[in-house]
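Architecture and fold: a report
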Amino acid sequence: MSQEATTETTLQPQRRGLMQELFPSVVSGIIVGVVGAVVVALIVNALTQGGNQDATLSAAYTAWVFFFMVGIGAFNDVIKWGFGRREPTHEEEQQLAGKGQGLWRYFRWTTDHKVVGLQYLITTLLLFFVGSLGAFSIRLEQSMPGARFFTPSTYNTIVGMHGIIMIVAAVIMVAGPFGNFVVPIMIGARDMAFPRLNALSYWLLFADIPIIITTLFLGGFQTGWTGYAPLQVAQLTPGADAYCFFIIVFAISTTVAALNIITTVMVLRTRGMTWGRLPVLVWGVVLSVLLSLTAFPTFMMSQIMVVMDRVFQTSFFEAAFGGNNWVYEHLFWFFGHPEVYVIVLPSLAVAAEVSAVFARKGIFGRRMLVGSLVGISLLSVIVWGHHLYFSGSNDPLDAPFMLDTELISIPTGVFFLALVGTYWRGKIWVTVPVLFVVGVLVNFVIGGITGIYLADLPTDEILHGGMFVTAHFHFTLVGAGVFGFFAGFYYWFPKMVGKRLNPFLGQLHFWLFEIGFLGTFISLFYAGLIGEPRWQANIAPPFAVPNTIASLFAILIAASVFVAVYNVVITFRRGEPALANEWGGKTLEWTVPTPVPLENFPGELPVVTSTPYDYGEPEPAPSDVEGSLESPLLPHSQAES
Amino acid sequence: MSEANITASTASTAPAEQEPNHFRRVLIAWIVLSVVGIVLWIVLAPFILPAAASNLSSTDDLTFIVLTVLAIPVALFVFVFLAYSLLFFRTRERPTEDPPPLKPRPGLQIGWLGVTGVLCLFLFIWGMVAYYQETAAAATPNTLIVQVTGQQWMWTFNYPQYGVSSQSQVIELPVNRPVQFVVTSEDVLHGFAIRALGVRVDANPGEITTTPVVTPTQIGNYTVNCVEMCGLLHSYMWEAVNVVDSSSFNSWIINQGGHP
Amino acid sequence: MRQHSSGFVIGIVAAIILGFGFLILIWWGLGSISDLGSESGVIRATKTGPNSATLQLSTYPDAHVCHSDSGEPQIDWVSYCSGDNGLATQLELPPNSVITVIIRQYDSGTTLVNNYFGQVRGTIGGVASLDGQPYSNMSQVSQIAKTVKGHTFSSDPGHTFTIQSTPNSPYPIFVSVPLVGVSDDAPNNVTINGNQYPTPNIIEFQFKTGPAGLTYLWHCYVPCGNDRGQPYGFSGPMWTLGYMAGMVHVTNY
């Protein structure tokens, strides 16, 4: 199956047949994966005499992922070069990176980081779309009292699916597309440190998506995105296993990607690209993936323990058999809190990156900004207990957790100082990316401040478990996270795709989204303040009015989605070609041509002599290119930059 | 970010005489809007927040009001500086030359860290003091004990001191008498929450958790709901909390079959 | 603002319509997947006068009688049915009436986890009758004489029939009756629709409805959904509308 594709030479004159194109590709991956899953499921079903649906399903999911990888050709290299005990030749590596394969390279096990970046981008947008359908269903149901459109169990499943799909999409949304496409070019490398692991991380995510869709046909899951243990374990229909496996496979994908990104940035920076000259986006992505390395293993373990409780009837979380649900809560939130910073840090870094370019001014206090991102990352690991203030677990720890949580506001404040100072007295070219950055800042102020209410024990006492919490995390994850993603999307689209998105539609997208977003979630803040709990399939009469208002504003958000989709579609069809340096940015990706060549830099790798934020600075004196951690000395001004 | 914090740049020209003092203008806008915002908030807060019906929830509401008073100038700082920058420092087309670079002085950075640090410390100390005041009261023999059991999807209530259970979906409480809720669950996690009284605690299977001792101060009808996702009918897990005077409470106990 | 072709506008409108079309499709699709608990089956109490009606229900130890087209695992789930065959997902009762509920209880008993539900509450007179004889608590069941030869009662309830109110209901109703279980060693000597069950316990009680237009919930509070034991007993049929939980509508008919 794999031999024809990999042994073809690059000077292939005639068109390849359809079968040759399809094998190996995602199509063969799906076919082999489905066949493998069905066969294994039948075997396990026979072994358990049909009595343990959870076991059958768990085996089926595992087999699906494994055989999908076989079918897409993930193991071909291992077999060919590992057992053959030789290194791949340069031509073979280029072949694997998609050279000469045209658009098919996006549907194959391709190692080129630019291909993987675009694959992540399309998948992220698709996940957002599916998640938004869940969101609009939720707002539809909550627009009026009573369980009118969906039964409560369907609604609960929709809430859970919206949550977990959006969380997964938000975790990958900046590090996936831009971390893969842009970061290697930004640091002056030709590809990532582990190109084949790059393909692995993407295809694991791709194989993961059908797993969560199957829950719809297996009874759904009733727990919401947090998957709290006694409820998740008790569920008899097997839809809950889909949730657990969705997370287990995703955790593996993220860990692989994280190791790849960290190694790339540590080892493959070009000459002169010291840590002190690194663009802020790289800092944001690296800190985010480092944080995810602490967080995701715990998430994965918690889900493996739930699967064991369900399949093997262990009792990690079952009080009746000696377990305890607080164990699950601590494991989950030890992951869950750093995870939101995994989401937000790259978006904040994008905001900083974009601000410098469009204000034509270096980031105000660049080292202070990087320090604030580091401070946020470090603090975020020790605050998880604020989710457990009223769980009954370990009340004496409430005070230290409250202190740590409130301390995070200090580096966050420094971040705002840096960005406000960047815009102050700049020459601001207000483009669509800038609009989204302004959205990030406005929304993150509101999100961050409302977090203080939840961190403070007396106010959390009236707000915990209510819609105030929901509105707070939407303001931070969507308002700052997703808006940051869109800032990066509009900013890097001309480089990734080579075409110019329509700016009028981009502005329309922003305004519809921001106004709809503010209206929806400020109404939900109010609903939470007057006491509405979360996860309400049935809206009780006292909360009807704010919910109706929120649903009306959500229509604007829906409209903004379609405006954005329309923009992308017409740009692909007949968009203007973009300039190689569309915005006048100074980071390395704007120095390469568009479309970016296979090995990124035509000719030799660049040598870096300064940070990319030296707008308005005089030309630096020629200095030793092996610069120290300090930024290069300027003739007249002070040292910091 | 005063004028003094902007370092001299080698390429800049001296500010034109007509150029307004941006920093002073934005500072005035910020101060004026903050004052207006705080006054508006203090006037409107009693209409926005639900009535506090216990000693705990009045402290919680006060904390909410104080936090918002502090939040308004903090949020406006970002909004006003950003809005001003976008209005007065924007260019219509791609700019052709760079403005002078701005670098923060160490004084600004340390001052900023100091102010935010003090704010943060104030929030923490307020929160700790308020919370420990609320939770310090221990149960006395006078404290009414209500045992709460959560089970999908209803709360059931026992009054062990009177040997009686509530016969329907109601908790009856006497006003001005301290009460403590002792909570557990039969099946999965539930969240026992009475918004108006300012108490909430999770109901865990196999564990017993307690709320702080709370004294209802206002007669009225309130609700207890479930704030932790517990399955199919989670959103219907909702019962009444009636705070009445002591003689009505005693009659109610007798009606349920107990002896006051 | 530049001029935009009408194609632009049409494109935007089409995108919005397409998106909402997607939403409707998802809603319809989700609603039709029965595993997620779609509702069907409306049972009306039979009117016996201008202000009275009778509701007949049965509780079975499996779902063969009124969910005979279900597959695994639902076919093994305990279920509430109406009489011999109807699905009991939604009950309709007339307003301002005395409702007499007659339940044929075919299932064996399960130890209560919460003794609160061993008490009869909210019925007229505070009692229910078991084979014609009154009881107000499970502890009294052992005193009740058996009128049918060889008919024994379990000391545990098989189920409860509990009606509870929706949030902020203008006319709250709370009725909870433990349905006495059939003893474990009772022989199967009744055939319903080709399925064998023991002689049922006939439990009867009455309560009053209020004004029309209100909704309530009915739910069983004896977890026996799975013989893995606690807490698994709480899921399965206990979580699925039409088996051990459903809605009650008070309407005019």
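Here the structure is a predicted model, which means the values were calculated and not measured.

1. A short note on the overall build of chain B
Scanning chain B from N- to C-terminus turns up four helices and eleven strands. A compact globule built from 260 residues would reach a C-alpha radius of gyration of about 18 Å, whereas chain B, at 28 Å, exceeds it by more than 25%. In terms of overall dimensions, chain B has a C-alpha envelope of 90 × 35 × 30 Å along the principal axes. Here chain B holds 260 residues, and 41% of them are scored as buried. Taking as baseline every contact in chain B between residues at least 6 positions apart, the subset at least 24 positions apart corresponds to 72%.

2. Section: the sheet that holds strand S1 (residues 42–44) of chain C
Residues and elements named next belong to chain C. Spatial ordering of the open sheet is given by S1-S6-S16-S15-S10-S11, a layout of six strands whose pairing is mixed. Two strands in the sheet have a free side with no partner beyond their single neighbour: S1 and strand S11 (175–182). Here the average twist between neighbouring strands, direction ignored, is 25°.

3. Describing the sheet that holds strand S6 (residues 179–185) of chain B
Residue and element names in this part refer to chain B. Across the sheet, five strands lie side by side as S4-S3-S2-S6-S9; this open sheet has mixed pairing. The outermost strands of the open sheet, each flanked by one partner alone, are strand S4 (164–165) and strand S9 (209–210). Two strands pair when backbone bridges link them, and S6 and S9 are joined in this way by two bridges, in the antiparallel orientation. Each residue of the ladder has a partner; that of Val-182, found in S9, is Thr-210.

4. Some remarks on the domain arrangement of chain A
All names here are of chain A. Entries for chain A in the domain assignment read domain 1 (1–8 + 21–110) and domain 2 (111–574). Put simply, the middle of domain 1 and the middle of domain 2, counted by C-alpha atoms, are 30 Å apart. At eleven residues, the largest contribution of residues to the side of domain 1 that touches domain 2 is made by helix H4 (residues 53–72). A per-class count over the side of domain 1 that touches domain 2 returns 13 nonpolar, six polar and three charged.

5. Concerning the domain arrangement of chain B
All names here are of chain B. Structurally, chain B comprises domain 1 (3–91 + 103–135) and domain 2 (144–256). Computed over C-alpha atoms, the centres of domain 1 and domain 2 are 40 Å apart. The partner domain 2 presents 14 residues to the ten residues of domain 1 that form the contact. Counting only elements with at least two residues in the side of domain 1 that touches domain 2, the list comes to helix H2 (55–88) and helix H3 (106–135). Among the elements that take part in the side of domain 1 that touches domain 2, H2 stands out by supplying four residues, more than any other. Classifying every residue of the side of domain 1 that touches domain 2 gives four nonpolar, four polar and two charged.

6. Quick word on the interface of chain B and chain C
Interface extent is often summarised as the accessible area lost during association of the parts. Across the contact, 19 residues belong to chain B and 20 residues belong to chain C. Going through the elements one at a time, strand S2 (144–151) and strand S3 (154–159) of chain B are the ones with two or more residues in the side of chain B that touches chain C. Classifying every residue of the side of chain B that touches chain C gives eight nonpolar, nine polar and two charged.

7. Topic: the interface of chain B and chain A
With 75 residues of chain B at the contact, the number on the chain A side is 80 residues. Contributions of two or more residues to the side of chain B that touches chain A are made by H2, strand S1 (90–91), H3, strand S7 (190–194), strand S8 (199–203) and strand S10 (220–226) of chain B. It is H2(B) that provides the largest number of residues to the side of chain B that touches chain A, a total of 15 residues. The residue inventory of the side of chain B that touches chain A, partitioned by class, reads 42 nonpolar, 21 polar and twelve charged. Summarising the sheet, strand S1 (residues 428–429) of chain A and S1(B) pair through two bridges and their orientation is parallel. Residue Ile428(A) lies in a different strand from S1(B), and its bridge partner there is Arg90(B).

8. Details of unusual backbone geometry
With the exception of glycine, most residues fall at negative phi, and the peptide bonds are largely trans. Of the consecutive residues Thr594(A) and Pro595(A), the connecting peptide bond is found in the cis state with omega at 0°. In this model, Asn394(A) sits at a positive phi of 55°, which is unusual for a non-glycine residue. Mapped onto the elements, Asn394(A) comes out in the loop between helix H15 (366–380) and helix H16 (398–407). One non-glycine residue, Asp131(C), adopts positive backbone phi at about 50°. One can find Asp131(C) in the loop between strand S8 (128–130) and strand S9 (133–135).

9. Considerations on the environment of Met69(A)
Residues and elements named next belong to chain A. Tracing the backbone shows Met-69 in helix H4. On the neighbour-count criterion, Met-69 (20 C-beta atoms within 10 Å) is buried. For the pair Met-69 and Gly-227, spaced 158 residues apart in sequence, the C-alpha to C-alpha distance is 28 Å. Residue contacts for Met-69: discarding those within four places in its chain leaves Ala-74, Phe-75 and Trp-203.

10. Concerning the packing of helix H17 (residues 409–423) of chain A against H3(B)
In the contact formed by H17(A) and H3(B), the axes pass within 9 Å of each other and the chain directions differ by 140°. In terms of orientation, H17(A) and H3(B) fall into the oblique class. For the pair H17(A) and H3(B), the crossing hand works out as right-handed. Two secondary-structure elements touch here, H17(A) through Ser409(A), Ile410(A), Gly413(A), Val414(A) and Leu417(A) and H3(B) through Trp112(B), Leu113(B), Thr116(B), Gly117(B) and Cys120(B).

11. Observations regarding H17(A)
Residues and elements named next belong to chain A. Along its 15 residues, H17 runs 21 Å from first to last C-alpha, staying within 8% of the 21 Å computed at 1.5 Å per residue. The buried count for H17 comes to 14 of 15 residues, which makes it a mostly enclosed element. Positive phi shows up at Arg-425, right after H17, with a value of about 60°.

12. Things to note about the confidence of the model for chain A
Residue and element names in this part refer to chain A. Put simply, chain A has an average pLDDT of 90, and 94% of its residues get 70 or more. Overall, residues 1–14 carries pLDDT values under 50, and its contacts beyond four positions in sequence, including any with other chains, amount to 17 contacts. Contacts of residues 624–641 to residues separated by more than four positions or lying in other chains number 36 contacts, the stretch itself having pLDDT below 50.

13. Brief notes about the pairing of S11(C)
All names here are of chain C. Of all eight residues that make up S11, eight are buried, and the element is covered over most of its length. Direction of pairing for strand S10 (residues 153–165) relative to S11: antiparallel, over a ladder of seven bridges. Bridging across to S11, Phe-153 finds its partner in Val-182.

Calculation notes
Residues numbered from 1 in each chain as written. Chains lettered and ligands numbered in written order. Predicted model: local features only at pLDDT ≥ 70, side-chain atom pairs only at ≥ 80, totals over all residues. Helix = DSSP H or I, 4+ residues; strand = E, 2+ residues; numbered from the N terminus. Rg over C-alpha atoms; globule rule 2.2 N^0.38 Å. Buried ≥ 20, exposed ≤ 12 C-beta atoms within 10 Å, placed from the backbone. Contact = placed C-beta atoms within 7 Å. Pairing = 2+ DSSP bridges. Axes fitted to C-alpha atoms, helices over the stretch in contact; angles between N-to-C directions. Domains from an automatic or database assignment. Nonpolar A, V, L, I, M, F, W, Y, C, P; charged D, E, K, R; others polar. Parallel < 35°, antiparallel > 145°, perpendicular 65-115°, else oblique. Left-handed = near helix turned anticlockwise from the far one by under 90°. Expected span 1.5 Å × (residues − 1). pLDDT = per-residue confidence, 0-100.

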